[in-house]
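Descriptive structure summary
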Amino acid sequence: MKAIRILHKILAFLIIPVLGYLLGATIFNYFSDKVETEDLSDASHIIVATSCDRHGPVTLRGFGYVYECRATVANKVNGNVVTATARGFLRPELIGKQVAGEGFNRGDLYPVRPYAGWGMVLLLPFGVLWFYVYIKVAWPLLPERRKSRRKPVRYQRPDNPAEPDRTVRVFGGHRRVWMVVVLLIGCVGTFLYSSSAFQDDTVATVAAIVSWTVVVLVIANVGWRLVRGPMIAISPEGLEWREANLSWTEIQEVRLTRRRVLVIQPRNGKAVRVGKFGTEQATRIHVAMGHFSQATYARESASGPTST
């Protein structure tokens with residue numbers, strides 16, 4: 001059973017995120033790499049591939065082979081012709097064919113991508129579906145949190161099944177709107193710069209790396225808070241949290257600070273800080289402590305501590 005749980009964690013927290021990224025990148029780049037070869041009238045540059053090298057079948061651009069091609073680029077305005085290297089949108093079947101280009105600056109090729117918008121449109125339902133699958137796979141790894149978000153049930157005491165368990169379980173965390181804003185900015189950055197990254201465009205490459213880093217960090221932060229966020233269980237018998245389980249006779253004092261951190265002072269040992277909790281969670285803790293606490297309890301406020 002332990003081996004199965006380890007494999008479950010690897011699937012939930014490693015394989016599915018990596019697979020989701022690769023599938024998303026595949027969808028986006030499949031449409032982004034489709035270029036215009038028929039109508040060249042509005043193109044400012046004409047790109048013609050001369051040779052291609054294959055990379056893959058798995059790259060940062062997703063599944064499938066990616067080609068790095070040498071190409072000649074002709075400026076239709078001044079007639080200048082230069083040689084450059086492009087990766088992604090050129091393929092062996094396009095060698096010798098004229099491809100419409102939007103611009104050419106410091107060695108960076110920008111082809112006309114008439115179908116790129118479809119990739120961004122399809123990424124939204126794919127992202128929703130992938131997130132749903134991820135939650136379905138990862139949720140069983142958090143049994144206590146899963147129970148706490150169901151409709152209220154009457155828990156049974158393990159030592160006396162006939163008597164319901166009155167334990168109040170409170171998970172930490174509060175809504176952080178700024179993280180949603182940062183995530184949206186990061187997602188917009190990935191959409192705008194990923195297709196031009198790693199193609200000799202330093203600005204686009206740096207912007208894409210920063211955008212993806214922001215997205216990954218926000219998702220990692222949410223995942224960490226789900227897995228390791230503070231939790232306190234308050235019952236008539238005592239307090240239980242991730243590091244310990246103390247009865248009321250072993251606790252000297254409990255204090256809920258103004259920053260909504262629960263400070264537990266055992267009769268023997270150093271004080272333990274559990275938190276930070278959100279406003280709603282702090283209220284639940286305060287009410288539960290008023291019902292069950294057999295130790296000295298105080299809640300700090302702007303006007304001073306409130307004892308019960």
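Here's what I pulled together on the structure shown here. (Residues numbered from 1 in each chain as written. Predicted model: local features only at pLDDT ≥ 70, side-chain atom pairs only at ≥ 80, totals over all residues. Heavy atoms only, no water.)

Next up on the list: the overall build of the protein. Within the protein one finds six helices and 18 strands. Here the protein holds 308 residues, and the buried ones make up 36% of them. Relative to all contacts within the protein whose residues are 6 or more apart in sequence, the contacts with residues 24 or more apart total 57%. Summing over all exposed atoms, the protein offers an accessible surface of approximately 18,500 Å²; the carbon and sulfur share of this is 60%. (Helix = DSSP H or I, 4+ residues; strand = E, 2+ residues; numbered from the N terminus. Buried < 20%, exposed > 50% of the residue type's maximum accessible area, 1.4 Å probe, protein only. Contact = heavy atoms within 4.5 Å. Areas by Shrake-Rupley, 256 points an atom, 1.4 Å probe, with all protein chains shown as cover.)

Moving on, we come to the pairing of strand β5 (residues 81–87). In this structure, strand β4 (residues 66–75) lies alongside β5, joined through seven bridges in antiparallel fashion. Bridging from a neighbouring strand, A71 pairs with A84 of β5. Here β4 folds back onto β5 in antiparallel fashion, the turn holding five residues, of which G79 has a positive phi close to 80°. (Pairing = 2+ DSSP bridges.)

Simply put, disulfide is the name for a covalent bond between the sulfur atoms of two cysteines. Scanning the entire structure with this criterion turns up one disulfide. A disulfide bridge connects C52 with C69, and the sulfur atoms are separated by 2.1 Å. Around the S-S axis, the bridge from C52 to C69 shows a dihedral of about 110° and counts as right-handed. Of the two residues, C52 sits in strand β1 (residues 45–55) while C69 sits in strand β4, which places them 17 residues apart along the sequence. (Disulfide = S-S within 2.5 Å.)

Attention now moves to a nonpolar patch on the surface. On the surface, a cluster of nonpolar side chains totalling about 910 Å² of accessible area is made up of I6, L7, I10, L11, L14, I15, V18, L19, L23, V58 and F63. Here the element with the most residues in the nonpolar patch is helix α1 (residues 2–32); it accounts for nine residues. With respect to the element layout, L7 can be found in helix α1. L7 gets classed as exposed once you look at its relative accessible area, which sits at 57%. (Patch = residues over 30% accessible without salt bridge, like charges linked within 9 Å, V, L, I, M, F, W, Y side chains within 5 Å. Salt bridge = Lys/Arg side-chain N within 4 Å of Asp/Glu carboxyl O.)

Here the focus is the environment of L22. Tracing the backbone shows L22 in helix α1. Expressed as a C-alpha distance, the spacing of L22 and R61, which sit 39 residues apart in the sequence, is 7.1 Å. Not counting residues within four places of it along the chain, the set of residues in contact with L22 comprises V58, T59, G62 and F63.

A few words now on the nonpolar core. By size, the foremost hydrophobic cluster in this structure holds 22 residues, and its most contacted members are I232, I234, L239, W248 and L262. Those elements that provide at least two residues to this core are β10 (168–171), β11 (231–234), β12 (238–241), β14 (251–256), β15 (262–266) and α6 (279–292). Top element by residues in this core is α6. It accounts for five residues. With residues up to four places along the chain from it excluded, the contact list for W248 reads I234, S235, P236, E237, G238, L239, V254, M289, F292, S293, Q294 and A295. Ranked by size, the runner-up nonpolar core spans 14 residues in total, among them V35, A49, V73 and V99. (Core = buried A, V, L, I, M, F, W, Y, C linked by side-chain atoms within 4.5 Å.)

Further remarks concern the packing of α1 against helix α2 (residues 116–138). Running from amino to carboxyl end, α1 crosses α2 at an angle of 170°, the nearest separation of the two axes being 8 Å. As summarised for this structure, α1 and α2 are arranged roughly antiparallel, according to the angle between their axes. In terms of residue class, the contact of α1 with α2 is made up of 19 nonpolar, five polar and no charged. (Axes fitted to C-alpha atoms, helices over the stretch in contact; angles between N-to-C directions. Parallel < 35°, antiparallel > 145°, perpendicular 65-115°, else oblique. Nonpolar A, V, L, I, M, F, W, Y, C, P; charged D, E, K, R; others polar.)

Across its 31 residues, α1 extends 44 Å between first and last C-alpha, which sits within 8% of the 45 Å expected from 1.5 Å per residue. Turning to α1, its buried residues number three or more, namely A12, I16, G20, L22, G24, A25, F28, N29, F31 and S32. (Expected span 1.5 Å × (residues − 1).)

Moving on: the pattern of salt bridges. In this structure the tally under the stated criterion is three salt bridges. Taking the shortest distance from any N to any O, the salt bridge between R91 and E93 comes out at 2.8 Å. Judged by relative accessible area, E93 falls into the partly exposed class, the value being 48%. Among the ionic pairs, R255 bridges to E300, the shortest N-O distance being 2.9 Å. Placement of the pair is R255 in strand β14 and E300 in the loop between β17 (296–299) and β18 (306–307), with a sequence separation of 45 residues. By relative accessible area, E300 is classed as partly exposed at 23%.

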